[in-house]
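Examination of the molecular architecture
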Amino acid sequence: MNAIIQTHDLVKAVKGKTIVSNVNLNVRKGEIYGLLGPNGAGKTTIMKMLTGLIIPTSGEIMLFGKKFDETAKEGLKRVGSIIEYPIFYEHLTAMENLQIHCEYVGFYDKRAIHQALDMVQLRSIEDKRVKDFSLGMKQRLGIARAAITRPELIVLDEPTNGLDPIGIKDMRDLVRTLNKEYGITFLLSSHILAEIEQMADRIGVVRQGQLVDEVSLAEIRQQRTDYLELVTSNVQRSVFLLEHELRATNLKIVQDNKIRIYDAGITAAQISKLLVSQDIEIEEIQKHTGTLEDYFYNQIQGGDKHV
Ligand SMILES: Nc1ncnc2c1ncn2[C@@H]1O[C@H](COP(=O)(O)OP(=O)(O)OP(=O)(O)O)[C@@H](O)[C@H]1O
């Protein structure tokens, strides 16, 4: 069975306002799945529905191939999660916090606690009070707590939020290690492409409460296209000449003075020669490779990086 999470037309409305609409999400066994979207897009709300913290207005959730709702929460035993921010008893030690958690969930196993602390490299400071932990250490302790019961799926809401670059790298390494070495599937969220790009195998793009795309990073990397970018003050005439003289069929005016030419057979030298012969001034002509950033900005913000 390959699907860990599947949702069908998942909707959440609060006070008549729809904040998540018709989400069809698929998380597969063994992958790191990233929900990417700007603040307020609906990522946390989706995660809360998937972990039983709030009830969907309509739609269906399948968890480990079985229907999951308020009357059937069995699947949650196989899930660990940190939604929003991990809360601890600050005056107690890391070890004491995990012990309390184990008692609470009815899974007391000191070895499992030690293993979880080993996993996140906090074993050596298990007797330190949480109030003396950095945010990165608290996030790691949160993951240890989520991992004690050896879940098959861990759900992390914005795990790198507020962390410094070292904390971000530690978190990324930890998620990857738990995924590879322990086979744990991850669903995580972020509003920062560069971060999610380095962690996730597949990405679900969330925009205004909708899942607008679900795509593997390997696929996007293959789809990246090269193009020539021409900067000139005479865009209209340049387009006319490119289409009529060089038979360009795939070009796009991206700004008042900027054209992108995607036709693979047309070279910068051909364009320069043509425009110079027609007395059109070329301010710049350069070859570019479409980036992941271009791809996702198109998905998230309809192409405008400045929104
Ligand atoms: N209980 C609620 N009542 C009213 N509006 C809500 C409620 N919960 C969430 N919202 C709104 O729904 C939208 C989505 O919120 P959500 O927290 O899911 O977004 P997000 O993508 O996780 O963003 P962030 O990263 O800022 O948390 C936001 O506009 C938020 O203000």
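Residues numbered from 1 in each chain as written. Predicted model: local features only at pLDDT ≥ 70, side-chain atom pairs only at ≥ 80, totals over all residues.

1. Description of the overall build of the chain
Helix and strand counts for the chain come out as ten helices and 15 strands. Against the compact-globule benchmark of 19 Å for 307 residues, the chain has a radius of gyration of 25 Å, which places it well outside the compact range. Viewed in the frame of its principal axes, the chain has a C-alpha envelope of about 80 × 45 × 35 Å. Here the chain holds 307 residues, and 33% of them are scored as buried. In the chain, of all internal contacts separated by at least 6 residues, the share reaching a separation of at least 24 is 68%. (Helix = DSSP H or I, 4+ residues; strand = E, 2+ residues; numbered from the N terminus. Rg over C-alpha atoms; globule rule 2.2 N^0.38 Å. Buried ≥ 20, exposed ≤ 12 C-beta atoms within 10 Å, placed from the backbone. Contact = placed C-beta atoms within 7 Å.)

2. Regarding the sheet that holds strand E9 (residues 185-190)
If you trace the six strands from one edge of the open sheet to the other, you get E7-E8-E9-E4-E10-E11, paired in mixed fashion. Each edge of the sheet is formed by a strand with only one pairing partner; in this case those strands are strand E7 (79-82) and strand E11 (210-216). Strand-to-strand twist of the sheet, defined as the mean angle between neighbouring strand axes without regard to direction, takes the value 15°. Inspection of the sheet shows strand E10 (residues 202-207) paired to E11 by six bridges, in the antiparallel sense. In the strand pairing of E11, Val 206 is matched with Leu 211. Against the sheet, helix H4 (residues 135-147) contacts E7 and strand E8 (153-156), and its axis sits at roughly 160° relative to E7. (Pairing = 2+ DSSP bridges. Axes fitted to C-alpha atoms, helices over the stretch in contact; angles between N-to-C directions.)

3. A word on the domain arrangement of the chain
Where interface size is given, it is often the accessible area lost as the parts come together that is meant. By the assigned domains, the chain splits into domain 1 (3-221) and domain 2 (225-289). The distance between the C-alpha centroids of domain 1 and domain 2 comes to 47 Å. (Domains from an automatic or database assignment.)

4. Quick look at the sheet that holds strand E12 (residues 226-232)
Ordered by their spatial adjacency, four strands build an open sheet running E13-E14-E12-E15, and the pairing between neighbours is antiparallel. Edge strands, defined here as strands with exactly one partner in the open sheet, are strand E13 (251-255) and strand E15 (282-289). For this sheet, the mean inter-axis angle between neighbouring strands, taken without regard to orientation, is 25°. Direction of pairing for E12 relative to strand E14 (residues 258-261): antiparallel, over a ladder of four bridges. Across the sheet, Leu 230 pairs through a bridge with Ile 259, a residue of E14. Packed onto the sheet, helix H9 (residues 268-277) meets E12 and E15 and runs at close to 165° relative to E15.

5. Structural notes on unusual backbone geometry
In this structure, Gln 121 is a non-glycine residue whose phi angle is positive, near 55°. Residue placement: Gln 121 occurs in the loop between helix H3 (110-119) and H4. On the neighbour-count criterion, Gln 121 (15 C-beta atoms within 10 Å) is partly exposed. Positive phi outside glycine occurs at Asp 279, with the angle close to 60°. Accessibility expressed as a C-beta count within 10 Å gives 8 for Asp 279, which makes it exposed.

6. Things to note about the environment of Thr 289
Relative to the helices and strands, Thr 289 resides in strand E15. Thr 289 gets classed as exposed once you count the C-beta atoms within 10 Å, which come to 9. Taking the C-alpha atoms as reference points, Thr 289 and Thr 225, separated by 64 residues in sequence, lie 5.8 Å from one another.

7. Describing the confidence of the model for the chain
Residue-level pLDDT values for the chain average 90, and 95% of them are 70 or greater. The element-level mean pLDDT for the chain is lowest in helix H10 (residues 292-301), coming to 69, with strand E3 (residues 26-28) highest at 97. Here the prediction assigns the complex a pTM of 0.78, and the interface score ipTM is 0.92. (pLDDT = per-residue confidence, 0-100.)

8. What about the environment of Asp 9?
Along the polypeptide, Asp 9 turns up in strand E1 (residues 3-14). With 12 C-beta atoms packed within 10 Å, Asp 9 lands in the exposed category. When the C-alpha atoms of Asp 9 and Ser 21 are compared, they prove to be 7.1 Å apart, with twelve residues separating the residues in sequence. The contacts of Asp 9, once residues within four sequence positions are left out, are Asn 22, Asn 24, Ser 58 and Gly 59.

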